[in-house]
Amino acid sequence: MFRKVLIANRGEIAVRILRACKELGLRTVAVHSTVDEGALHVRLADEAVCIGPGDPKRSYLHIPALISAAEVTGADAIHPGYGFLSENAEFAEVCRRCRITFIGPSPEAMRAWGDKVSARENARALGLPMLPGTGVLRDGDHALAEARAIGFPVILKASGGGGGRGMKIVREPSEVPRAYDTASAEALAGFRNPDVYLERYLERPRHIEFQLLADQHGNAVCVGERECSIQRRHQKVLEEAPAPSLPASERERMGALVAHAAQATGYTSLGTLEFLMDPQGRLYFMEMNTRVQVEHPVTELTAGVDLVAEQILVAGGAKMGLAGRNLAPRGHAIECRVNAEDPVTFAPSPGKITGYLAPGGPGVRVDSAAFPGALVPPHYDSLVAKVIVRASTRTAAIARMRRALDEMVVEGIKTTLPLLRRILDHPAFQQGEVSTSFLQELLEGDRPPDRRG
Ligand code: MV4
């Protein structure tokens, strides 16, 4: 087992990882850019190394700087968090070559699941439910032939993409050739990989994802599932566990399939399998995320598990302690992301937090790096705090979240708190009847989101 962990990240997730390391008796090294000098994760770590200027390419994304910081401090493990290099197989490989434990899956597993066509082939071979779709398309004519066979509408996706980047919805045969050329060009430009595939397009789906944990001894469990349908431009805004729309029978069936998927492919560490759900409640595999996710706390609170601690322990070769434990969700948890953005225009609102009061009380958790005087720099994502609540029922969790958000004070910058309150107050949300179109329609106001949100 390693003794000293370098956290190759910043903000709330760096603080979260630091906390888990400390409770496990591990030494901690924080890295920071010049603009993060006074950040909370720097203050909480045993040691801190400045790795470069604010530009993430020259600091948090700069592999030589991170490896040098580990060598200089004698860190024998690196936790990448989420975002930045967390799904970068090359970084995991460099760590392996330098005999530094990468707290995450192997480079091979990252590549197998990170490439979306390869992930679909894995999922199909494992018996996961899929939408009709293709492998890598050769050209526009091939795309047209496949689209006709599958039936319109279809969606073109970049194999090197994910998280909504490089997607094109096509509703007419005549649009296919041009859509293919555009999608492939954008994929090459955006991901240095022109490969594009297509699948049937699901109108107004719900987003349901399954959390898995697997150790290096062939054990794997599905820790639970989350509903993340409330998103704006593929950025999640609110997440909850368990998924209100998932029937208990599906929970068991999918849990077994997801655990098998990890075991059969030799996957280790935390992973999340993302599915879309159609109005009939059928699930279809979308993609696999090979990192800890922002929304992991709602699963921690309903499964009673410290996922980050488990991820660290299995990276050190420990046998997971969850196998055989009853992980059925207890109660209901909701997470709201509080971003430093204008709640109407969503324009970033960086600056100094002059006043900050986090909510508290029974069943309230706040994961954040904010404090009075903290700087929110413009260089990184705008997440300021995650407010997570747990209560015995979904209705009670909504009431608790509304109380917690009303109690929260963030001054000096604008935040999305008003938007979060608006979502919680909406009948469609309260009835648990929202799809991934809900928030866009609520904001555009073109038509009040119907019960299928
Ligand atoms: C889809 C889809 C409909 N049909 N694929 C967006 C990001 C990535 N998770 C996949 N995404 C979608 N893929 C098919 N075949 C609709 C979306 C989608 C979406 C999915 C989940 C959450 C929010 C979304 C917002 C827009 C589109």
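Residues numbered from 1 in each chain as written. Predicted model: local features only at pLDDT ≥ 70, side-chain atom pairs only at ≥ 80, totals over all residues. Heavy atoms only, no water.

Draft legend 1. Representation of the overall build of the chain within the structure. When helices and strands are counted, the chain shows 15 helices and 20 strands. In terms of overall size, the chain behaves like a compact globule, its C-alpha atoms giving a radius of gyration of 21 Å where 453 residues would be expected to give roughly 22 Å. Projecting the C-alpha coordinates of the chain onto the three principal axes gives extents of approximately 60 × 50 × 45 Å. By the burial criterion, 59% of the 453 residues in the chain qualify as buried. Nonlocal contacts in the chain, meaning residues at least 24 apart in sequence, comprise 64% of its contacts between residues at least 6 apart. (Helix = DSSP H or I, 4+ residues; strand = E, 2+ residues; numbered from the N terminus. Rg over C-alpha atoms; globule rule 2.2 N^0.38 Å. Buried < 20%, exposed > 50% of the residue type's maximum accessible area, 1.4 Å probe, protein only. Contact = heavy atoms within 4.5 Å.)

Draft legend 2. Expanded view of the sheet that holds strand E8 (residues 196–200). Taken together, 3 strands build an open sheet; the order of strands is E7-E6-E8 and the sheet is antiparallel. With partners counted over all chains shown, the strands left at the sheet margins are strand E7 (165–170) and E8, one partner each. Put simply, the sheet's adjacent strands are angled 25° from each other on average, direction ignored. Pairing between strand E6 (residues 154–162) and E7: 5 bridges, direction antiparallel. Each residue of the ladder has a partner; that of Ile155, found in E7, is Ile169. Contacts from helix H6 (residues 116–125) reach E6 and E8, with the element oriented near 105° to E6. (Pairing = 2+ DSSP bridges. Axes fitted to C-alpha atoms, helices over the stretch in contact; angles between N-to-C directions.)

Draft legend 3. Inspection of the pattern of salt bridges at higher detail. Going through the model one piece at a time under the given rule, you end up with 30 salt bridges. Residues participating in the shared-partner salt-bridge network are Glu209, Arg226, Lys236, Glu239, Glu295 and Arg337. (Salt bridge = Lys/Arg side-chain N within 4 Å of Asp/Glu carboxyl O.)

Draft legend 4. Spotlight on helix H13 (residues 417–425). Taken together, the buried positions of H13 are occupied by Leu417, Leu419, Leu420, Ile423 and Leu424. All buried residues of H13 project into a common sector of 160° when viewed along the axis, lining one side. (Arc of directions from axis to C-beta.)

Draft legend 5. Structural context of the pairing of E8. Counting buried positions along E8 gives 4 out of 5 residues, so the element sits mostly inside the fold. In this structure, E6 lies alongside E8, joined through 5 bridges in antiparallel fashion. Considered in E8, the bridge of Leu156 is made with Leu198.

Draft legend 6. Summary view of the domain arrangement of the chain. On domain assignment, one finds that the chain holds domain 1 (4–103), domain 2 (132–200) and domain 3 (206–444). Relative to domain 2, the C-alpha centre of domain 1 lies at a distance of 37 Å. (Domains from an automatic or database assignment.)

Draft legend 7. Quick peek at the sheet that holds strand E3 (residues 47–52). A sheet is described by the order of its strands in space; here 5 strands give the open sequence E3-E2-E1-E4-E5, paired in parallel fashion. Strands with a single pairing partner mark the edges of an open sheet, and in this sheet they are E3 and strand E5 (101–102). Alignment of strand E1 (residues 4–7) against strand E2 (residues 27–33), held across 4 bridges, turns out to be parallel. Residue pairing for E2: Val5 is matched across the bridge by Thr28. Running over the sheet, helix H3 (residues 63–73) touches E1, E2, E3 and strand E4 (77–79) and is turned about 150° from E3.

Draft legend 8. Representation of the packing of H3 against helix H4 (residues 89–97) within the structure. The interhelical angle for the contact between H3 and H4, taken along N-to-C directions, is 30°, at an axis separation of 11 Å. Taken together, the axes of H3 and H4 are roughly parallel relative to one another. Where H3 crosses over H4, the handedness of that crossing is right-handed. Contacts between H3 and H4 involve Ile63, Leu66 and Ile67 on the former and, on the latter, Glu90, Phe91, Val94 and Cys95. Grouping the constituent residues of the contact of H3 with H4 by class yields 6 nonpolar, no polar and 1 charged. (Parallel < 35°, antiparallel > 145°, perpendicular 65-115°, else oblique. Left-handed = near helix turned anticlockwise from the far one by under 90°. Nonpolar A, V, L, I, M, F, W, Y, C, P; charged D, E, K, R; others polar.)

Draft legend 9. Representation of the site of the ligand. In the neighbourhood of the ligand, 19 residues make up the surrounding shell, with Lys157, Glu199, Arg200, Leu202 and Glu274 lying closest. A distance of 2.8 Å separates a nitrogen atom of the ligand from a polar backbone atom of Arg200. A distance of 2.9 Å is found between a nitrogen atom of the ligand and a backbone nitrogen or oxygen belonging to Leu202. Alone, the ligand offers 510 Å² of accessible surface; in the complex the protein occludes 92% of this. Where the shell around the ligand is concerned, the elements lending two or more residues are E6, E8, strand E12 (269–277) and strand E13 (283–289). In terms of residue class, the shell around the ligand is made up of 8 nonpolar, 6 polar and 5 charged. Here the shell around the ligand spans two domains, and each of domain 2 (132–200) and domain 3 (206–444) adds at least three residues to it. (Near = heavy atom within 4 Å. Polar contact = N/O pair within 3.5 Å; in protein donor to acceptor, adjacent residues only side chain to side chain. Areas by Shrake-Rupley, 256 points an atom, 1.4 Å probe, with all protein chains shown as cover.)

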